[in-house]
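Overview (structure and organization)
Here's the letter readout for the chains.
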Amino acid sequence: MTACDPTEKRVQEEILHLVRERVLKPNAWAVHGDPGCLLHKLWQAISPDDFLSEAMVGATTVLLFASHETTATTLSSALIELHRQPRVYDELTRELDALVVDPTWAQLNACPYLDAVVRETLRCFPFVAEIGRYALRDFDLNVGEHTLPLKKGTLILGSPFLFQTQSNAWPEEGASFK
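What comes next is a walk through the structure.

Cut-offs used in this document
- Residues numbered from 1 in each chain as written.
- Predicted model: local features only at pLDDT ≥ 70, side-chain atom pairs only at ≥ 80, totals over all residues.
- Heavy atoms only, no water.
- Helix = DSSP H or I, 4+ residues; strand = E, 2+ residues; numbered from the N terminus.
- Buried < 20%, exposed > 50% of the residue type's maximum accessible area, 1.4 Å probe, protein only.
- Core = buried A, V, L, I, M, F, W, Y, C linked by side-chain atoms within 4.5 Å.
- Contact = heavy atoms within 4.5 Å.
- Lys, Arg positive; Asp, Glu negative; His and termini not counted.
- Salt bridge = Lys/Arg side-chain N within 4 Å of Asp/Glu carboxyl O.
- Pairing = 2+ DSSP bridges.

**Quick notes on the overall build of the protein**
Counting its regular elements, the protein contains nine helices and four strands. Taken over 178 residues, the protein has a buried fraction of 21%.

Now the structure itself:
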């Protein structure tokens, strides 16, 4: 296994260690994991040798760091908005205070206001800057009063932020967090 720098090498070695400890041991999923999780699905689909391959460890590293960054960014955005919006903070706090000390996922999923805050955070602060697709055929794209003829293979870019905050699509919300 190759690594670009000592930190990456340590991360890859730690991932291999965790895979060996939590995945390759008999009954590992009964003890450590949710059989519905991504790693368990991969484990069912490929052989143990493939699971420990350089490509798999590299993909796991990317998944680990990509999900860490997007989760941290989304949580930061939610906390900033909760600070800016005391009414939203108070309502969310009331809902969460009504839960037991260590709620289950099912209990958290049953919190409608928490769900609304998460969805509103993702609407106002999407972590994907743009989405690109290539036209599969020639066609005319109507944009307002204009028609743009597009050829097969043309790259079409869209911005989730713009889609999710336009006042004509979200008349009451627009770009503001509600």
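There's plenty left to go through after this.
**A few points about the nonpolar core**
Looking at soluble globular proteins, one finds that nonpolar side chains tend to be buried together. Leu-82, Val-88, Leu-92, Cys-111, Tyr-113, Leu-114, Val-117, Cys-124 and Phe-177 form the largest nonpolar core, which has nine residues in total. Mapped by element, the contributors of at least two residues to this core are α6 (86–97) and α8 (112–124). Counting residues per element, this core draws most heavily on α8, which supplies four residues. In this view, Leu-82 contacts Val-88, Tyr-89, Leu-92 and Val-117; residues no more than four positions away in its chain are not counted.

**Here we look at the side chain of Glu-95**
Looking at the element boundaries, Glu-95 is found in helix α6. Here Glu-95 occupies a buried position and makes no salt bridge, while the nearest side chain of opposite charge, Arg-94, is found at 9.6 Å. Sequence-distant contacts of Glu-95, that is, excluding residues within four places in its chain, are made with Cys-111, Pro-112, Tyr-113 and Leu-114.

**Here we look at the environment of Phe-177**
Residue placement: Phe-177 occurs in the segment after α9 (160–165). Given the relative accessible area of 5%, Phe-177 is considered buried. When the C-alpha positions of Phe-177 and Thr-165 are compared, they lie 9.6 Å apart, and in sequence the two are 12 residues distant. Setting aside chain neighbours within four positions, we find Phe-177 in contact with Glu-81, Gln-85, Val-88, Val-117, Glu-120, Thr-121, Cys-124 and Phe-125.

**What about the pairing of strand β3 (residues 146–150)?**
Judged from the five bridges that link them, strand β2 (residues 139–143) and β3 form a sheet pairing that is antiparallel. By the bridge assignment for β3, Val-143 is matched with His-146. Linking β2 to β3, which pair antiparallel, is a turn of two residues; within it Gly-144 sits at a positive phi near 60°.

**Notes on the pattern of salt bridges**
Opposite charge on two side chains lets them pair, provided their charged atoms get close. As enumerated under the stated definition, the model contains four salt bridges in all. The residue Arg-94 makes a salt bridge to Glu-91 at a minimum N-O spacing of 2.9 Å. With Arg-94 and Glu-91 both in helix α6 and three residues apart, the pair spans about one turn of that helix. With a closest N to O distance of 2.9 Å, Asp-115 and Arg-119 form a salt bridge. Of the two residues, Asp-115 and Arg-119 are both situated in helix α8; the distance of four residues between them amounts to about one turn of the helix. Take Asp-115: its relative accessible area is 35%, and that puts it in the partly exposed class. Using a relative accessible area of 56% as the deciding quantity, one classes Arg-119 as exposed.

**Section: the side chain of Ser-159**
In this structure, Ser-159 sits in the loop between β4 (155–158) and α9. Setting aside chain neighbours within four positions, we find Ser-159 in contact with Ala-129 and Glu-130.

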